[in-house]
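# What the coordinates show
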Amino acid sequence: MENKKLLKNASVLSLPGILAIFISLVSIPVHLKSAGAENYGNYIIFHFLLTLGSLLNFGIGKSIVVSINNFPKKSKSVSFYGIKYTIILSIILSIIFILFILTKNFIPTNLFFANSVVLNYFFVAIVATLFYVSLEGIFQGNQKFKSLSFYNFIFYSLSMSLPSLSLIYFKDNNLENLLFLSVLIKLLTILIMFFVIIKNNLIKKSINKILFNNLKKNSKWLTLNSILIQFYDLFDKYLIKIFIGPVALTSYSIPQQLTGKLSILSKGFSAFLLPFLSKKNFSGSDFNITIKIFLIFVPSIIFLFFPLFELLLKLWLGNQFNNNILELTKVFSLSVIFSCASHILITKFEATQTLKHNLKVEFYLMPFFLALLFYFNINSFSIFTIGILILFKEIILLFFRL
């Protein structure tokens, strides 16, 4: 009963992940059957690369949450400056993008973003992600968990799955049309969030340096952490696409995407914990029970389903099923256990402004991990071997974080 509030609100925040799993069970086979594995591989790499938006936010979203809970009476002012800094960043990014377009003739034609339409959609989606992370911080800092759960579902899950589901009725939709629909959903989400923030009077113009001081103190650590996340979470997929091909990326990303949805559970708990761990006097009870949930309860559930993986995957994917997908689903199911627990630990580092301790661990491991990853890809190792490398990386990181 002591942790009833934790379980209730974390469940609400995790609900988008649960719904996303069920939607993915329908959307992925539809996309593969209607557009093929290569189209899906290019579609999924586009969305994977959008995580760069969190990096380019430079810690504004996280700092908003921490600042609001450090100084609750200044929450509206913190929110105002969070939006102000995000607008400045988006203007700078727009200038850089225009300069990039002017030199676009130097981009090799075989690269994914050589297509100008795809490149334009990507830039708009990056800016949308930039704003979403900051607006998410405002809702999270003000403990608007139910609203945030709804927006997370639309921005991340629905924007990825709905275009795939559209192929049921519009089988001739090409990659560009699918990306347009996905980006449009993201933009509409941003507009709704802006409207709700203004309507609920969550921002107020004033002069203070609370957010600026926290950004000055923590921005470099939050940004460095985001950079490392990009390398750890994205580099494997991009190397597979370059050296092994988009078809192999499809076999690799389907089990990773499916099992990775479980990490939204830990992110739901993290979203609830961050505001409370940021307060000057907080109880460690919720934090401790969350660690137990992800190191005892979640693994037990996953292991119960292990014998059923092959049957379920065959029913789900039909003739698109192969042994690589089965074996990687097992590997990534183990990997997600460790990554979920790591999310909770990183949240405490962020809230207590000691993220540099986590970064030391990641910096020491990164050269070895990236070197092995690059070696496996250029020498055409199996995607199963690459999956095993990801698993060992998660085990080592969790050990040192603990």
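Just above sits the structure.
Note that the structure is predicted; figures quoted are calculated from it, not measured. (Residues numbered from 1 in each chain as written. Predicted model: local features only at pLDDT ≥ 70, side-chain atom pairs only at ≥ 80, totals over all residues. Heavy atoms only, no water.)

### Some thoughts on the pattern of salt bridges
- One pass over the full model with this rule turns up four salt bridges.
- One salt bridge connects Lys314 with Glu310, and the closest N-O pair in it is separated by 3.1 Å. Remark: Glu310 and Lys314 occur in helix H13 (residues 309-317); sequence separation between them is four residues, near one turn of the helix.
- We note a salt bridge from Lys393 to Glu394, for which the minimum N-O separation is 2.9 Å.
- For Glu394, a relative accessible area of 8% translates into the label buried. (Salt bridge = Lys/Arg side-chain N within 4 Å of Asp/Glu carboxyl O. Helix = DSSP H or I, 4+ residues; strand = E, 2+ residues; numbered from the N terminus. Buried < 20%, exposed > 50% of the residue type's maximum accessible area, 1.4 Å probe, protein only.)

### A look at the packing of helix H2 (residues 37-49) against helix H8 (residues 175-199)
- Contact pair H2 / H8: the axes reach a minimum separation of 11 Å and the direction vectors enclose 30°. By the angle between their directions, the pair H2 and H8 is classed as roughly parallel. Read as a crossing pair, H2 and H8 show a hand that is right-handed. Packed against H2, whose contacting residues are Asn39, Asn42, Tyr43, Phe46 and His47, the element H8 presents Leu175, Leu178, Leu179, Ser182 and Val183 at the interface.
- Across the contact of H2 with H8, the residue classes tally to six nonpolar, four polar and no charged. (Axes fitted to C-alpha atoms, helices over the stretch in contact; angles between N-to-C directions. Parallel < 35°, antiparallel > 145°, perpendicular 65-115°, else oblique. Left-handed = near helix turned anticlockwise from the far one by under 90°. Contact = heavy atoms within 4.5 Å. Nonpolar A, V, L, I, M, F, W, Y, C, P; charged D, E, K, R; others polar.)

### Some points on the nonpolar core
- Core analysis: the biggest nonpolar cluster contains 114 residues, and Phe46 and Tyr252 have the highest contact counts within it.
- In terms of residues, this core owes the most to one element, helix H6 (residues 116-141), which gives 14 residues. (Core = buried A, V, L, I, M, F, W, Y, C linked by side-chain atoms within 4.5 Å.)

### Examining a nonpolar patch on the surface
- A cluster of nonpolar side chains, Phe297, Ile301, Leu304, Phe305, Leu308, Leu311, Leu312 and Leu315, forms an exposed patch at the surface whose accessible area comes to about 820 Å².
- Elements represented by at least two residues in the nonpolar patch include exactly helix H12 (285-305) and H13.
- Among the elements that take part in the nonpolar patch, H12 stands out by supplying four residues, more than any other.
- Relative to the assigned elements, Leu308 resides in the loop between H12 and H13.
- Of the residues examined, Leu308 reaches a relative accessible area of 38% and is grouped as partly exposed. (Patch = residues over 30% accessible without salt bridge, like charges linked within 9 Å, V, L, I, M, F, W, Y side chains within 5 Å. Areas by Shrake-Rupley, 256 points an atom, 1.4 Å probe, with all protein chains shown as cover.)

### With respect to a positive patch on the surface
- On the surface, a cluster of positive charge is contributed by Lys217, Lys220, Lys356 and Lys360.
- Summarising the element assignment, Lys360 is placed in helix H15 (residues 355-378).
- Classification of Lys360 as partly exposed rests on a relative accessible area of 46%. (Lys, Arg positive; Asp, Glu negative; His and termini not counted. Charge placed at Lys NZ, Arg CZ, Asp CG, Glu CD.)

### Regarding the packing of aromatic side chains
- Considering all chains together, one arrives at 20 aromatic pairs under this definition.
- Ring geometry for Phe46 against Phe122: centres 5.8 Å apart, planes inclined by 75°, an arrangement best described as edge-to-face. Taken together, the positions of Phe46 in helix H2 and Phe122 in helix H6 put the pair 76 residues apart, joining distant regions of the chain. For the pair Phe46 and Phe122, one class covers both residues: buried.
- The rings of Phe80, Tyr81 and Tyr85 are connected pair by pair, giving a single aromatic cluster.
- For Lys186, the ring lying beneath its charged end belongs to Phe155, and the centroid distance is 4.2 Å.
- Here the guanidinium or amino end of Lys393 rests over the ring plane of Phe369, the centre of that ring lying 5.5 Å away. (Phe/Tyr/Trp six-rings, centres within 6.5 Å; stacked < 30°, edge-to-face > 60°. Lys NZ or Arg CZ within 6 Å of the ring centre and 35° of its normal.)

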